[in-house]
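Notes for the structure review
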Amino acid sequence: MHDTDKALFQAVHGIAGSLAGQPVPVVMDALLRHLPKAPGMEVSEIRRIAEEISVGRDPSGL
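Parameters at a glance
Residues numbered from 1 in each chain as written. Predicted model: local features only at pLDDT ≥ 70, side-chain atom pairs only at ≥ 80, totals over all residues. Heavy atoms only, no water. Helix = DSSP H or I, 4+ residues; strand = E, 2+ residues; numbered from the N terminus. Expected span 1.5 Å × (residues − 1). Buried < 20%, exposed > 50% of the residue type's maximum accessible area, 1.4 Å probe, protein only. Arc of directions from axis to C-beta. Core = buried A, V, L, I, M, F, W, Y, C linked by side-chain atoms within 4.5 Å. Contact = heavy atoms within 4.5 Å. Salt bridge = Lys/Arg side-chain N within 4 Å of Asp/Glu carboxyl O.

**What to know about helix 1 (residues 3-19)**
In this model helix 1 runs 24 Å from its N-terminal to its C-terminal C-alpha over 17 residues, within 8% of the 24 Å that 1.5 Å per residue would give. Buried within helix 1 we find Leu 8, Ala 11, Val 12, Ile 15, Ala 16 and Leu 19. Buried residues in helix 1, looked at end-on, bunch into an arc of 130°, giving them a common side. Facing away from the buried side of helix 1, by more than 90 degrees, are the exposed residues Asp 3, Gly 17 and Ser 18.

**Quick notes on the nonpolar core**
Counting residues in hydrophobic clusters, the biggest one holds 17 residues, and the most contacted among them are Val 12, Ile 15, Val 27, Leu 31, Leu 35, Ala 50 and Ile 53. Secondary-structure elements contributing two or more residues to this core are helix 1, helix 2 (24-34) and helix 3 (43-54). At 6 residues, the largest contribution of residues to this core is made by helix 1. Ignoring any residue separated from it by four or fewer positions in sequence, one finds Ala 50 in contact with Val 24, Val 27, Met 28 and Leu 31.

**Thoughts on the pattern of salt bridges**
Enumeration over the complete set of coordinates arrives at 4 salt bridges. The shortest N-O distance in the salt bridge between Arg 33 and Asp 29 comes to 3.0 Å. Remark: Asp 29 and Arg 33 occur in helix 2; sequence separation between them is 4 residues, near one turn of the helix. Linking Arg 57 and Glu 52 is a salt bridge whose minimum nitrogen-to-oxygen distance equals 3.5 Å.

Structure representation (structure tokens):
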């Protein structure tokens, strides 16, 4: 796993642990502020991740 991928997964995992069940806009804001910049990461993908966290799932796989 590349360092960028690892940082992304860890950031998603941390946000999922602290914001599970919160509204999508709250989770989306946290993701946009805390995710490391990664090539190819689109807003639609970040929204999908936010939706998963919002319903209590941890899409990081950690």
